[in-house]
Amino acid sequence: MTAPKAHSWIAGMAPYVPGKAKVEGVAHPVKLSSNECAFGPSPAALEAFAQSAEQILRYPEADSAALRSAIAGVHGLDEERIICGAGSDDILTLLIHSYAGPGDEVIYSQYGFMVYPVQTTAVGATGIAVPNKNWAADVDGILAAVTSSTKLVFIDNPNNPTGAYLPWPEIERLHAGLPESVVLVLDAAYAECVTAADYSAGAELVERADNVMMTRTFSKMYALAGLRVGWAYGPPAIIDILNRVRMPFNVCLPGQPAAIAAVEDTGHLAQSVAFNREWRAAMTAALDAMGLDAVDSQTNFILVGFPKDSAHDASAANKFLAKNGYIVRALPSLPHHLRISVGKAEQNQAVLTLLAEFMNGSPQ
Ligand SMILES: *Cc1c(COP(=O)(O)O)cnc(C)c1O
């Protein structure tokens, strides 16, 4: 008898390690490790979610038509070019599975969102990780990495885990330099957080080009991560392909009305964005004042560089914060940094106080 055998390229994969949620010896740790939105969801979304409870014996609407229509209405888009997914991870994954396979290449930034390399490996394609420039994607580096085997280019704009972004002219330049056969995916998971005037999430380029996808999510500034709802805007031909391969009921029943209420509550989103902008600026300034290296962020998290001496390095800081009940994100690819999500006001204040104590002394 021979045991069942997975594809050779899958057998060697390491499982995804999500942001920690528990610390030993701490009853209720504060989780600032997954870029969830501490400001919380729209009350209207919570109400819509609660109201859907009595319908959950039913399958959800298969094509998320009402949700697509609500998104199109709020953003001024064409609902026929929208696809919804179980989080935007679902759609990023569908793109890789539909357009890449063994022998193909997929380009992304060295420091970037984990889903791209994981799913590239899962389909047996070759991932090309291009070093970042000023913490964002390097347009020239990416263009130089394109070969006749390139099928997809992923830009998380703004970038996770660095928080940096590419101004719109740089995205235009990247698109102009790519062959028309390559799909350019603009992953705008943090679009709502961006306050830079020269940023665009990319909908207008999607409408003008045949090879550009923009992905969005309800998990970050809409604060619905647990419901797993995301969406994408793309050319009809690509949307058609994704609709063929997606699971028929990919967006859960409670998720659809909750996301509709969330996207239509533009007042709540504006409050959340204002809260985030204020704390992002305050935390960045406070971290810099401690002598730490806070990377300028357009997101709802801050990547913080620590000294390399063993008493004050990122790993010691991470342990100190955890022991005091605060979970932040340690990144294997950036051992001298920690990624800290913006939390509630008192949580942000507490993290800053703890880090000041850590930097000032021989912390306990
Ligand atoms: C969080 C995140 C996503 C998406 O998450 P979903 O919950 O699957 O919508 C996508 N891209 C980046 C860069 C992210 O940080």
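Bear in mind that the values here come from a model prediction, so they are computed numbers and not experimental data. (Residues numbered from 1 in each chain as written. Predicted model: local features only at pLDDT ≥ 70, side-chain atom pairs only at ≥ 80, totals over all residues. Heavy atoms only, no water.)

Asks: Explain the site of the ligand here, please?
Replies: If you check the shell around the ligand, you find 13 residues, and the closest are S88, D187, T217, S219 and K220. Note that an oxygen atom of the ligand is positioned 2.7 Å from one of the side-chain N or O atoms of Y190. K220 is positioned such that a nitrogen or oxygen atom in its side chain is 3.0 Å from an oxygen atom of the ligand. Taken by itself the ligand offers 390 Å² of open surface, and the protein chains cover 94% of this. For the shell around the ligand, the per-class residue count stands at three nonpolar, five polar and five charged. (Near = heavy atom within 4 Å. Polar contact = N/O pair within 3.5 Å; in protein donor to acceptor, adjacent residues only side chain to side chain. Areas by Shrake-Rupley, 256 points an atom, 1.4 Å probe, with all protein chains shown as cover. Nonpolar A, V, L, I, M, F, W, Y, C, P; charged D, E, K, R; others polar.)

Asks: Is there a simple way to think about the packing of helix α2 (residues 43–51) against helix α10 (residues 255–264) in this case?
Replies: The angle between the axes and the distance between the axes are what describe a pair of packed helices. It is at 8 Å that the axes of α2 and α10 come closest, and there the two elements cross at 160°. The angle between α2 and α10 places the two elements in the roughly antiparallel class. For the pair α2 and α10, the sense of crossing is right-handed. Within the contact between the two elements, α2 uses A44, A45, A48 and F49 and α10 uses P257, A258, A261 and A262. (Axes fitted to C-alpha atoms, helices over the stretch in contact; angles between N-to-C directions. Helix = DSSP H or I, 4+ residues; strand = E, 2+ residues; numbered from the N terminus. Parallel < 35°, antiparallel > 145°, perpendicular 65-115°, else oblique. Left-handed = near helix turned anticlockwise from the far one by under 90°. Contact = heavy atoms within 4.5 Å.)

Asks: What should I look at first to understand the domain arrangement of the protein chain in this one?
Replies: By a widespread convention, an interface's size corresponds to the accessible area lost as its parts come together. Segmentation of the protein chain into domains returns domain 1 (8–31 + 267–357) and domain 2 (55–265). Taking only C-alpha atoms, the centre of domain 1 and the centre of domain 2 are 25 Å apart. Contact with domain 1, which involves 25 residues of that partner, is made by 26 residues of domain 2. Of the roughly 2200 Å² buried at the junction of domain 1 and domain 2 (both faces included), carbon and sulfur atoms supply 67%. Broken down residue by residue, the surface that domain 1 buries against domain 2 is led by W9, L269 and Q298, which jointly contribute 28%. Seen at the junction of domain 1 and domain 2, the total is ten residue pairs in polar contact (both at pLDDT 80 or more). Breaking the side of domain 1 that touches domain 2 down by element, the ones donating at least two residues are α1 (8–11), α11 (266–289), β10 (301–305) and β13 (334–341). Sorting elements by how many residues they give to the side of domain 1 that touches domain 2 places α11 first, with eight residues. Class assignment of the residues belonging to the side of domain 1 that touches domain 2 gives a composition of eleven nonpolar, ten polar and four charged. (Domains from an automatic or database assignment. Buried area = accessible area lost by both parts, 1.4 Å probe.)

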